[in-house]
There are 4 protein chains.
Amino acid sequence: MAKELRVGLIGCGFMGRTHSNAYRRLNNFFDVEHRPVLKAICDTNEPKARQYAQTWGYERVETDWRNLLTAKDIDLIDICVPNVAHAEIAIAAAQAGKMVCTEKPMAMNAAQAEEMVRAVEMAGVPNMVSFNYRRVPSISLAKQIVDEGRIGRPFHYRALYLQDWTISADVPQGGDALWRLDARVSGSGVTGDLLAHSIDTAMWLNGPIARVMAKAETFVKERKHAVSGQVEPVTIDDACMFLAVFANGSMGTFESTRYARGRKNFNTFELNGADGSLYFDLEEPEYLQFFEYKQKETGKKTASHLTGWRKIHTTNSEHPYMSHYWVPGTCIGYEHTFLNALADFVEGIEKGTPAQPNFRTALQTQRVCDAVIASARRSEWVDTGAE
Amino acid sequence: MAKELRVGLIGCGFMGRTHSNAYRRLNNFFDVEHRPVLKAICDTNEPKARQYAQTWGYERVETDWRNLLTAKDIDLIDICVPNVAHAEIAIAAAQAGKMVCTEKPMAMNAAQAEEMVRAVEMAGVPNMVSFNYRRVPSISLAKQIVDEGRIGRPFHYRALYLQDWTISADVPQGGDALWRLDARVSGSGVTGDLLAHSIDTAMWLNGPIARVMAKAETFVKERKHAVSGQVEPVTIDDACMFLAVFANGSMGTFESTRYARGRKNFNTFELNGADGSLYFDLEEPEYLQFFEYKQKETGKKTASHLTGWRKIHTTNSEHPYMSHYWVPGTCIGYEHTFLNALADFVEGIEKGTPAQPNFRTALQTQRVCDAVIASARRSEWVDTGAE
Amino acid sequence: MAKELRVGLIGCGFMGRTHSNAYRRLNNFFDVEHRPVLKAICDTNEPKARQYAQTWGYERVETDWRNLLTAKDIDLIDICVPNVAHAEIAIAAAQAGKMVCTEKPMAMNAAQAEEMVRAVEMAGVPNMVSFNYRRVPSISLAKQIVDEGRIGRPFHYRALYLQDWTISADVPQGGDALWRLDARVSGSGVTGDLLAHSIDTAMWLNGPIARVMAKAETFVKERKHAVSGQVEPVTIDDACMFLAVFANGSMGTFESTRYARGRKNFNTFELNGADGSLYFDLEEPEYLQFFEYKQKETGKKTASHLTGWRKIHTTNSEHPYMSHYWVPGTCIGYEHTFLNALADFVEGIEKGTPAQPNFRTALQTQRVCDAVIASARRSEWVDTGAE
Amino acid sequence: MAKELRVGLIGCGFMGRTHSNAYRRLNNFFDVEHRPVLKAICDTNEPKARQYAQTWGYERVETDWRNLLTAKDIDLIDICVPNVAHAEIAIAAAQAGKMVCTEKPMAMNAAQAEEMVRAVEMAGVPNMVSFNYRRVPSISLAKQIVDEGRIGRPFHYRALYLQDWTISADVPQGGDALWRLDARVSGSGVTGDLLAHSIDTAMWLNGPIARVMAKAETFVKERKHAVSGQVEPVTIDDACMFLAVFANGSMGTFESTRYARGRKNFNTFELNGADGSLYFDLEEPEYLQFFEYKQKETGKKTASHLTGWRKIHTTNSEHPYMSHYWVPGTCIGYEHTFLNALADFVEGIEKGTPAQPNFRTALQTQRVCDAVIASARRSEWVDTGAE
């Protein structure tokens with residue numbers, strides 16, 4: 001008999017959609033004991049929530065998330081609202097004894113994130129931050145290749161996360177759709193929205209980032225605000241780039257923007273080590289590129305005339321997550337990263353090995369984000385305090 | 001109120017899985033009136049069918065497909081069994097007044113396919129053959145670009161469909177998993193399995209194929225049969241290549257194999273016209289490559305210093321089907337081709353404009369497949385009779 | 001002291017330029033005993049020949065190639081005139097005891113080519129046909145990889161040679177610049193001009209082609225002739241595609257055209273074997289793609305999670321010819337293929353191991369070309385007689 | 001009658017080779033009035049210089065560069081020695097009234113470079129610094145596209161220059177071959193050797209760099225010195241990365257290293273503007289990638305379903321420099337960048353419009369290099385003083 005995992009999801013935006021889809025599909029693809037049950041969808045916009053309930057099959061609608069805290073039929077509270085509300089809800093949920101998942105970035109700042117860690121650890125509830133890109137099979141494979149010792153001493157890590165959707169000065173800020181452009185709601189611009197992903201992946205693959213030196217820019221200085229209807233100063237960082245030093249001594253460069261014409265969701269990284277290198281680009285997620293200089297199994301260098309960057313089409317059943325899906329050569333999509341993450345979360349519960357990144361791990365990413373913002377303000381190197 | 005579309009699906013193999021998934025997800029992504037209801041799953045292997053029912057949520061299990069014909073609670077019979085059984089089931093289903101969908105290839109040969117066309121047309125029931133790759137957004141976009149008149153007079157069409165999974169002589173033939181290697185069950189090897197896709201796409205984009213000249217090969221002459229346990233001659237074509245002349249006068253080359261080491265699901269095509277060219281590769285389905293020589297809107301040639309092959313990342317909301325999914329830059333996967341096809345089928349019912357390819361259209365593809373096989377046997381050019 | 005290699009070159013067209021450049025540069029890059037001396041340039045167009053002599057440093061000008069036969073200061077006659085004149089000149093040159101190099105295709109047909117072979121073999125003079133693409137380092141590397149046994153049993157070979165420069169019906173035919181469009185001068189269209197390259201490479205890498213089945217097409221039926229000034233029927237094949245069976249049992253597809261919009265010099269091949277595959281594209285000649293399934297050194301399969309197509313940037317000093325040039329990562333160009341070929345020719349003389357393809361080897365390619373043309377005319381499979 | 005351009009070249013290393021080759025080939029490909037005459041090759045290593053003279057056709061050998069100053073038969077002194085000697089030679093050559101070309105980086109530091117500018121401007125002699133990559137046709141095309149106004153307001157510029165040849169700690173430093181690893185001779189490591197190229201290109205395409213914030217690293221702390229035979233501290237920067245702000249307000253990131261396993265000469269840049277973007281990679285120099293958002297000619301946006309990154313194969317006769325070479329689709333190589341630069345230099349003399357970058361222009365690049373090094377030392381933002 002399957003155990004129920006009764007879900008209350010808060011937030012009927014884009015992320016609520018990706019999570020709802022994952023819950024509905026878990027048992028079609030993963031052989032886990034738990035069966036998600038979509039108990040309640042919560043949004044202050046009731047008609048929107050009703051529509052959501054119908055589309056995704058939620059049993060009931062709530063307009064106040066506090067109702068989920070006391071609901072006996074909810075095991076897991078999933079937070080898909082704008083960043084400003086993550087901490088309050090997550091802390092309350094943990095204190096109510098619920099499992100908690102939240103979208104990234106974890107919080108508005110590290111201070112909030114620390115409180116969130118305290119709350120879930122005191123309550124002893126399972127918890128996760130949705131850095132879904134770890135579960136792109138190609139990125140999981142990168143982690144596997146690193147862990148297998150195929151990269152050797154790391155020298156360089158570089159990450160880009162480039163988009164182009166806010167170039168027009170006619171794009172407004174704020175409101176339901178564009179809260180990401182309003183720092184009062186989002187905490188920051190590309191730093192929390194995009195660089196947080198890059199940082200999470202970087203530290204997963206290459207260990208803690210010790211120090212950063214950043215520069216941020218707001219290209220469009222004012223935009224009409226969707227709520228006030230007034231032209232208001234833009235408070236977010238439109239673009240942010242930073243230099244980094246990892247704890248292992250390797251060097252890092254990171255850049256993110258929403259002003260890179262032609263780049264839609266260009267989330268890339270490259271890791272260069274003494275024995276090999278890796279490259280990934282989220283716009284063609286079915287590939288991981290690997291340069292194998294020294295072969296682990298034999299300890300020998302690849303013959304010089306045969307060396308080259310190898311495009312691994314990560315759709316074999318031996319690739320992470322792929323045995324759950326179709327056949328070699330057939331791709332999965334963006335949404336499956338959420339499904340894979342959910343599967344890991346549920347397996348973590350069942351096996352007692354918490355899925356990553358949990359709140360404690362994600363706190364490190366929040367600290368780096370804070371250090372990036374501080375460095376950009378102060379124009380100096382800032383220690384992250386990441387351990 | 002949603003209308004129910006009550007489904008009886010036959011065949012618990014790989015294709016049954018792709019179709020089941022599509023039914024379950026239709027209303028999450030498409031705003032159609034009908035709501036698929038998974039009434040019955042049918043397979044002669046009852047335990048397998050039971051497992052399927054549990055995974056995908058079918059209400060009941062049948063082991064004899066004939067039971068679906070008389071079931072009052074079934075609107076649509078979906079045929080996902082090996083090719084040998086398509087015709088009999090489809091004809092019976094049509095005669096029972098059910099809508100009929102079948103996996104490709106449509107039948108064992110054109111004679112069967114003609115009977116199937118007669119049956120569905122006499123019964124007046126909606127019908128479709130699952131050439132799902134038409135619904136890869138990049139391929140649908142190719143069709144749109146052709147229809148917009150951006151390619152001009154066509155000169156060449158070339159298609160490859162390369163895989164590598166049967167190279168080892170240790171792979172057995174026959175049985176549940178490997179019926180595709182047994183011509184008594186599959187009708188043919190790569191011709192029906194892979195070239196049928198290439199031909200369907202080719203004729204959709206470039207019109208009827210008039211004549212073909214083919215050569216087929218069976219590289220591994222005998223394999224152990226999974227049912228008999230004996231080593232038996234291999235009866236399928238392991239590889240098949242053919243030259244073609246289209247009705248519009250352009251030239252075609254087609255090749256398919258399961259012996260192309262390193263190609264997993266390498267389904268590609270290129271169309272060269274006087275004004276532009278297109279290229280697609282299913283292993284990176286998020287791209288359509290387009291060379292624009294003459295710009296339709298202005299009637300002018302692209303400036304020579306700016307000409308080049310353009311990789312269109314077909315994930316904008318303006319691209320076919322993509323407004324139903326996520327955001328620009330995020331990919332969908334293999335399974336969505338089935339979902340898109342189902343959405344088209346249902347919209348076809350609702351709007352009275354049958355989705356393509358229906359049985360009549362797919363018959364042309366079957367005729368070309370037959371001509372290919374005949375040509376390979378007789379070593380001469382064969383007219384397809386395609387109109 | 002360097003030995004002189006005194007050259008008389010016939011033909012002031014495009015190919016004359018590539019060869020002249022190679023002679024001038026040989027000793028800058030290759031440590032051979034011989035030093036080419038540009039003795040005479042010959043063209044019926046004397047002003048053009050004078051200009052050539054000045055640009056490239058030829059000592060004198062001739063307008064009748066027969067003068068080169070009797071000249072005591074000429075060791076090597078290099079034939080860069082249109083195809084129609086190859087045989088007569090080559091035979092006369094051999095009979096005069098000169099070394100002979102000729103541009104490809106070797107002759108108008110195999111009958112001529114056989115006479116040419118007889119002539120050079122009776123005279124015992126060094127001879128070569130300029131299939132320069134063998135000397136693209138990436139293609140030479142492909143040969144090396146095949147010879148090292150890394151591909152295993154071959155199943156498939158496919159080659160394309162696509163261009164787009166004759167699509168416009170306004171392009172005239174004939175004359176100095178466009179003799180390639182006049183079959184009386186060129187012998188054939190794309191078959192001799194482009195497919196001959198593809199066939200030479202294919203047989204070098206994969207052995208003799210035993211049988212072919214071809215289809216040719218002339219898309220633009222008449223063009224103004226540059227000599228007569230009249231609109232005349234076009235006599236060449238604009239496009240030609242053929243199926244092939246190699247002597248080793250593998251299957252081949254070949255296609256060539258000058259009507260593939262967007263393809264400029266798209267000369268590609270792919271070889272699929274049981275243990276590995278190769279892919280090359282002349283438009284990015286610095287790469288050879290290699291899929292390594294079974295590793296030769298260890299006899300083991302590549303771990304499934306690490307398999308992928310590897311882009312070898314063939315600019316290491318370990319790659320063919322590259323130790324003569326610059327540093328890893330820096331590309332050489334089209335013209336170096338002629339230089340490399342010349343170096344091989346000269347080393348062949350010095351070491352007594354004739355460079356390939358000599359006339360005897362190139363005769364096989366001519367026979368396949370003849371078989372292709374015959375097959376296209378007769379619409380049936382034709383044996384090549386290639387050994 | 002051709003005018004002679006009598007050359008005295010100093011330095012028989014790798015760069016001397018690239019320049020010698022360019023001189024020898026100029027009149028084969030470019031229709032200029034001047035004809036380079038290789039009068040003298042100079043190197044302190046006389047046997048090496050003799051070998052060079054023979055290979056490249058220099059008329060005589062010198063072992064003291066000062067002899068060139070007084071030689072009446074020398075018009076141009078070309079400096080291909082290690083960086084430490086650039087300034088002294090260049091200044092003396094200018095004072096002697098000779099034209100001066102020097103390899104990059106221009107000097108050990110900006111102070112030297114300023115003296116060099118003063119010297120050539122006082123003497124009024126033609127002068128150039130060999131930033132040869134400007135003359136890759138794809139990079140020249142990038143400049144043309146920028147100048148045509150197709151990019152619009154610039155937001156971002158990012159450049160990488162990655163190599164991997166010093167990873168092994170067994171590579172020695174110093175001496176003839178490895179002086180680039182000895183800062184006493186080279187001035188700096190990757191900053192002067194590689195970043196100087198990136199900076200020159202960046203400022204050519206996107207205007208002056210106003211401020212930088214850098215971090216440098218020396219991964220291998222000591223190496224055996226080829227001259228002393230002793231293990232000595234490594235004084236160069238193995239890797240250097242920096243953030244930049246351009247005078248036009250756009251943001252820049254730059255990174256260079258010799259520790260990026262698998263990158264051989266990976267010199268890339270990307271420019272993102274409001275109307276379009278450009279991307280280039282020197283490992284596939286025949287391509288320039290262009291994303292055209294707004295079309296200059298029509299003032300209209302590209303239709304959303306047709307947008308994509310276009311790979312321009314820069315081998316058309318309409319592309320920069322390419323009308324001098326072969327036919328569309330055929331590539332030129334690394335060495336032609338030097339030939340193109342020489343052609344520009346000579347045309348500059350003939351037309352009275354000095355080729356770029358001359359000493360004055362290159363001084364700006366040197367200032368940015370100095371600022372980068374200063375910033376890396378002081379861990380703070382440094383103004384470049386670039387105008």
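Throughout this description, residue numbers start from 1 for each chain and increase along the sequence as written. Each chain gets a letter, beginning with A, and each ligand a number, beginning with 1, in the order they are written. At least 70 in pLDDT is required for a residue's local features to be given in this predicted model, at least 80 for side-chain atom pairs to be given and counted, and no such filter applies to totals for whole chains, interfaces and linings, which use all residues.

**Student:** Which residues make up the relation of the copies chain D and chain A, and what values go with them?
**Tutor:** Least squares is the method for superposing the copies, and the C-alpha atoms it fits come from residues with pLDDT of at least 70 in both. The transform that puts chain D on chain A rotates by 180 degrees and translates by 0.0 Å along the axis, for an RMSD of 0.0 Å. Taken together, the rotation and translation describe the operation of a two-fold axis. It is D:Glu380 whose C-alpha, among those of chain D, lies nearest the rotation axis, at 3.2 Å. Looking at the interface residues of chain D, 100% of them are also at the interface in chain A, so both copies use one shared face. Whether two residues are in contact depends on their C-beta atoms, placed from the backbone: they are in contact if these lie within 7 Å.

**Student:** Go over helix H10 (residues 335-351) of chain B, please, and point to the residues and values.
**Tutor:** Each helix is a run of DSSP H or I of at least 4 residues and each strand a run of E of at least 2, with the numbering of both proceeding from the N terminus. Helices are assigned an expected span. That span is 1.5 Å times one less than the residue count. With 17 residues, H10(B) extends 25 Å between its outermost C-alpha atoms, agreeing within 8% with the 24 Å of an ideal straight helix rising 1.5 Å per residue. Three exposure classes are used, based on other C-beta atoms lying within 10 Å of a residue's own C-beta, which is placed from the backbone: buried for 20 or more, exposed for 12 or fewer, and partly exposed in between. For H10(B), the buried fraction is high: 13 of the 17 residues fall into the buried class.

**Student:** So, the interface of chain D and chain A: which residues are in play, and what are the values?
**Tutor:** Taken residue by residue, the interface counts 30 residues in chain D and 30 residues in chain A. Only strand E7 (154-162), strand E8 (209-217), strand E11 (239-246), strand E12 (251-257), strand E13 (266-273) and strand E14 (276-281) of chain D provide two or more residues apiece to the side of chain D that touches chain A. By residue number, the principal contributor to the side of chain D that touches chain A is E12(D), which donates four residues. Three classes are used: nonpolar for Ala, Val, Leu, Ile, Met, Phe, Trp, Tyr, Cys and Pro, charged for Asp, Glu, Lys and Arg, and polar for all others, with Gly counted as polar. Its residues assigned to classes, the side of chain D that touches chain A comprises 15 nonpolar, nine polar and six charged.

**Student:** With reference to specific residues and values, describe the relation of the copies chain B and chain C.
**Tutor:** It takes a turn of 180 degrees to lay chain B on chain C, together with a shift of 0.0 Å along the axis; the resulting RMSD is 0.0 Å. A share of 100% of interface residues in chain B that are also interface residues in chain C marks the association as one of identical surfaces.

**Student:** Could you give me a rundown of the nonpolar core, with the residues and numbers involved?
**Tutor:** Take the buried Ala, Val, Leu, Ile, Met, Phe, Trp, Tyr and Cys residues, join any whose C-beta atoms are within 7 Å, and the set you get is a nonpolar core. Judged by nonpolar contacts, the single largest core of 247 residues is most densely connected at B:Met116, B:Val212, B:Val372, C:Met116, C:Val212 and C:Val372. With residues up to four places along the chain from it excluded, the contact list for C:Val212 reads C:Phe242, C:Leu243, C:Ala244, C:Val368, C:Ala371, C:Val372, C:Ser375, C:Val382 and C:Thr384. Of all hydrophobic cores here, the second largest spans 246 residues; its members include A:Ile79, D:Leu68, D:Tyr287 and D:Ala343.

**Student:** Outline the packing of helix H5 (residues 110-123) of chain A against helix H11 (residues 359-378) of chain A, listing residues and values.
**Tutor:** All names here are of chain A. Two numbers describe how H5 lies on H11: the axes approach to 9 Å, and their chain directions differ by 170 degrees. Here H5 is positioned roughly antiparallel relative to H11, judged by the angle of their axes. Side by side, H5 and H11 meet where Ala 110, Ala 113, Glu 114, Met 116, Val 117 and Val 120 of the first sit next to Phe 359, Arg 360, Leu 363, Gln 366, Arg 367 and Asp 370 of the second. A class-by-class count of the residues in the contact of H5 with H11 yields seven nonpolar, one polar and four charged. Where helices are involved, their axes are fitted lines through C-alpha atoms of the stretch in contact, as for all axes, and angles between N-to-C directions lie from 0 to 180°. Each angle gets one of four labels, with under 35 degrees taken as roughly parallel, over 145 as roughly antiparallel, 65 to 115 as roughly perpendicular, and the rest as oblique.

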